[in-house]
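Examination of the molecular architecture
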Amino acid sequence: MALIEVDGVSRTFTVRARAGRFRRTRREVRAVDGLDFTVEEGECVGYIGPNGAGKSTTVKMLTGILVPSAGRLRVAGVDPARERVRLAHRIGVVFGQRTTLWWDLPLRDSFELVRRVYRVPADRFRRNLDRCLEMLDLGPLLDTPVRQLSLGQRMRGDLAAALLHDPRVLYLDEPTIGLDVVSRNRVREFLREVNTGHGTTVLLTTHDLTDVERLCSRVMVIDHGRVVHDGGLAELHAVGESERTLVVDLAAPHPPVEVAGARVVRVEGPRQWLAFPASRSAAPLVAEVAARYPLVDLSVREPAIEDVIARLYSGERAGAAAGAGEGAAVRSG
Amino acid sequence: MLLTLYGSVARGSFRRHATYRAATFAGAFTNTAFGFILSSTYLALWHARPGLGGYSAEAAVTYIWIGQALLATVAVWGGGFQDELQARIRSGDVAVDLYRPVDLQAWWLAGDLGRAAFQLLARGAAPLLVGALAYRLRLPHAAETWAAFLLSAALAVTVSFAVRYLVSLTGFWLLDADGVRALVGITGMFLSGMLLPLALFPGALGAAARVLPWSAMVQVPCDVLLERRTGGALARALGFQLLWAVLLLGAGRAVQGAATRRVVVQGG
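Residues numbered from 1 in each chain as written. Chains lettered and ligands numbered in written order. Predicted model: local features only at pLDDT ≥ 70, side-chain atom pairs only at ≥ 80, totals over all residues. Heavy atoms only, no water.

**Re the overall build of chain B**
To be explicit about the condition: Secondary structure elements are taken from DSSP: a helix is a run of H or I of four residues or more, a strand is a run of E of two residues or more, and numbering for both begins at the N terminus. The reference for a compact globule is 2.2 Å times residues^0.38; the radius of gyration itself is calculated from the C-alpha atoms. Exposed residues in this analysis have more than 50% of their type's maximum accessible area, buried residues have under 20%, and partly exposed residues fall in between, with area computed by a 1.4 Å probe over protein chains only. Here, residues are in contact when the closest pair of their heavy atoms is within 4.5 Å. Only the protein chains shown count as cover for residues, with accessible areas throughout obtained via the Shrake-Rupley method and a probe of 1.4 Å. The charge count treats Lys and Arg as positive and Asp and Glu as negative. His and the chain ends do not count. Charge positions come from single atoms, namely NZ of Lys, CZ of Arg, CG of Asp or CD of Glu.
In terms of regular secondary structure, chain B is built from 12 helices and zero strands. Of the regular secondary structure in chain B, the N- to C-terminal order runs α-α-α-α-α-α-α-α-α-α-α-α. For chain B, whose C-alpha radius of gyration is 19 Å, the value lies close to the compact-globule estimate of 18 Å for 268 residues. Summarising its shape, the C-alpha atoms of chain B cover approximately 60 × 40 × 35 Å along the three principal directions. Counting only residues that meet the buried cut, chain B has 52% of its 268 residues in that class. Considering only intrachain contacts with a sequence separation of at least 6, the fraction spanning at least 24 residues in chain B is 80%. Working note: accessible area of chain B is about 11,700 Å², and carbon and sulfur atoms make up 70% of it. Looking at chain B, you have 21 positive and 12 negative side-chain charges, and the mean spots of the two groups are 2 Å apart.

This is the structure:
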């Protein structure tokens, strides 16, 4: 049985707006529109989408603090909204922008409080804490008040606090936001270990695609409240109709070359950039250019994942744009 | 198990407030200064009208210093956990609190009791000690009276918490609870007996003030320590405080339930 089951889930919000002096209009806005997906135990899933796509709304419903308007949800065998407190014992939640640590007290006190809140048996608590302290290098910081920690240190503290009760699912919302490169890598390494070493299921919401590339075998792209892609990162390229670029250096400046299946996107002196579908082989293209033009050098550039996602978001694909209701009007972060 | 959880919340809150040393010192200094100002005013008043409200001049000055000791502890005009809870409601962070398997009201109450315990020691004891050195105060000798006072003060904090919790929760509907807070704070300052003992209020106003919840915050614990309530009257005074505590905490739970449903069902 899947650990997370989402079955036809929608969520609408009523937005009231002023229209004239006394009239008020009510408008139904769909933040999430017929979501269907399952996540198996032990998966690490990247959940990405532009602002207002419905990411936070989904996570809120999965954690039970928002009731879906339609559809069915189950997380770790529990209906989240109906049994929120029971579910709370089985999930861990980390927000990059919010802390659950006790601001004015040493880190140690916050961990101790987690033990009591989740009633973690002493030996298990000890084991989990030792593991987190070692992997996140938090040992020396235990007696430092949280307010004196750097953002990276605080983030590591929050990660540890979310895992001390052995949650089966860990929800992460922008866990690397605002962190420097070193802290980012350390957080990613830790999350990888939690996912692969400890078998914790991870659902990662982020705008940092490197997080997704490093950690997730599966990525879901949501836009206008619908899933527009669900699969491996590599498949994203095909879905996003992304293009590779063939850069050719000719012997001398030359008008744009004309070859079938590619178009020139840029010319700079003797150098020209040719875009062609990522799914096509570059070999015939290279052969044709070499046969007809004075070719000196060439290179092939792969599309950046950012560009692929950006194309998906901007709705260049006709399929994604169609049927997207008013979802974009809701900005839930 | 539950008690140890909320017990550790209270202890944490106590230690947290203990870290604000400069603020605590400045606060205790202010309480002491106001103690002196009010004492000289009261002495002038009681010189003109001896035995006013059934208080001797000595008892009236003692009333001042007990009031100053309770001011920060009971947080009559707002404060304590309120700033934090209001900020969390306004920013929406309060939703995060729902991820934790804890009772919100009990969590914040435990924290506020921890804070009050620290402030009774730091901002209560110090001014009272200075007052006792500067004036002849009518403080009790019987240990039972002090014990009854501590119980009464704890109930006073609980009633005050319950009122402040309700005020903070209005933020779910009003977006900003500061207006309500200012209004309730001024009302509380007046009706708690902090400025003037309620026995001095005339007729119907006095009668009403004596049964409203604010009198449970300052007037009742002051009278307990002054031994104006003993025996059956003491039991009735504590019962009065307990009744308001239970009623207002119950109201807080009901409103909290409505607020949670609002967040969970309507999306805040």
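**Examining the side chain of B:D93**
Turning to its location among the elements, B:D93 is positioned in the loop between α4 (82–91) and α5 (94–97). Since its relative accessible area comes to 18%, B:D93 is described here as buried.

**Concerning the domain arrangement of chain A**
This is how the line gets drawn: Note that domain bounds follow an automatic or database assignment of domains.
Taken as a whole, chain A is organised into domain 1 (4–90 + 167–238) and domain 2 (243–302). One C-alpha centre belongs to domain 1 of chain A, the other to domain 2 of chain A; they are set 41 Å apart.

**Re the nonpolar core**
The cut-off we apply is this: Nonpolar core, defined: a set of buried Ala, Val, Leu, Ile, Met, Phe, Trp, Tyr and Cys residues in which side-chain atoms within 4.5 Å join the residues together.
Core analysis: the largest hydrophobic core is formed by 157 residues, its most contacted members being A:I4, A:V75, A:F111, A:L159, A:Y171, A:L236 and B:W107. It is helix α7 (residues 143–169) of chain B that provides the largest number of residues to this core, a total of 13 residues. Setting aside anything within four residues of it in sequence, one finds A:F111 in contact with A:F125, A:L129, A:L133, A:L138, A:L142, A:G157, A:A160, A:A161 and A:L164. Core analysis: the second largest hydrophobic core is formed by 12 residues, A:L246, A:L250, A:L274 and A:F276 among them.

**A few points about the confidence of the model for chain A**
Threshold: Values of pLDDT, which run from 0 to 100, indicate the predictor's confidence residue by residue.
With 94% of its residues at a pLDDT of 70 or more, chain A has an overall mean of 87. Low confidence marks residues 317–333 of chain A, where pLDDT is under 50. Its contacts with residues over four positions away, or in another chain, come to 30 contacts.

**Considerations on the interface of chain A and chain B**
Filter applied, for reference: Summed over both partners, the accessible surface that disappears when two parts come together, traced with a 1.4 Å probe, is what is meant by buried area. The rule for a salt bridge is simple: a side-chain nitrogen of Lys or Arg has to be within 4 Å of a carboxyl oxygen of Asp or Glu. In the analysis that follows, any N or O atom pair within 3.5 Å is treated as a polar contact, provided that within protein one partner can donate a hydrogen and the other can accept it, and provided that, for residues neighboring in sequence, both atoms belong to side chains.
Across the boundary between the two partners, chain A contributes 25 residues, which contact 30 residues of chain B. Of the roughly 2,500 Å² buried where chain A meets chain B, counting both sides, 63% is carbon and sulfur surface. Put simply, chain A and chain B have three salt bridges between them. Residues A:D104 and B:R16 are paired through a salt bridge, measuring 3.2 Å at the closest nitrogen-oxygen approach. Scanning the region where chain A abuts chain B turns up seven residue pairs in polar contact (both at pLDDT 80 or more). Looking at the side of chain A that touches chain B, the elements with two or more residues in it are β1 (4–18), α2 (84–88), β5 (91–95) and α3 (107–117) of chain A.

**As for the pairing of strand β8 (residues 218–223) of chain A**
Residue and element names in this part refer to chain A. To keep it simple, the criterion reads: Criterion used throughout: strands pair if DSSP finds at least two bridges between them.
Burial analysis of β8 places six of its six residues in the buried class, the great majority of the element. Going residue by residue along β8, you find R218, M220 and I222 tucked away on one face and V219, V221 and D223 tucked away on the opposite face as well. When strand β3 (residues 44–48) meets β8, the two strands line up parallel, connected through four bridges. Bridge assignment links G46 to a residue of β8, and that residue is V219. Sheet topology places β8 next to strand β9 (residues 226–231); five bridges connect them, and they run antiparallel. Of the residues in β9, the one forming a bridge with M220 is D230. In sequence, β8 turns back onto β9 through a hairpin of two residues, with H224 there showing a positive phi of about 50°.

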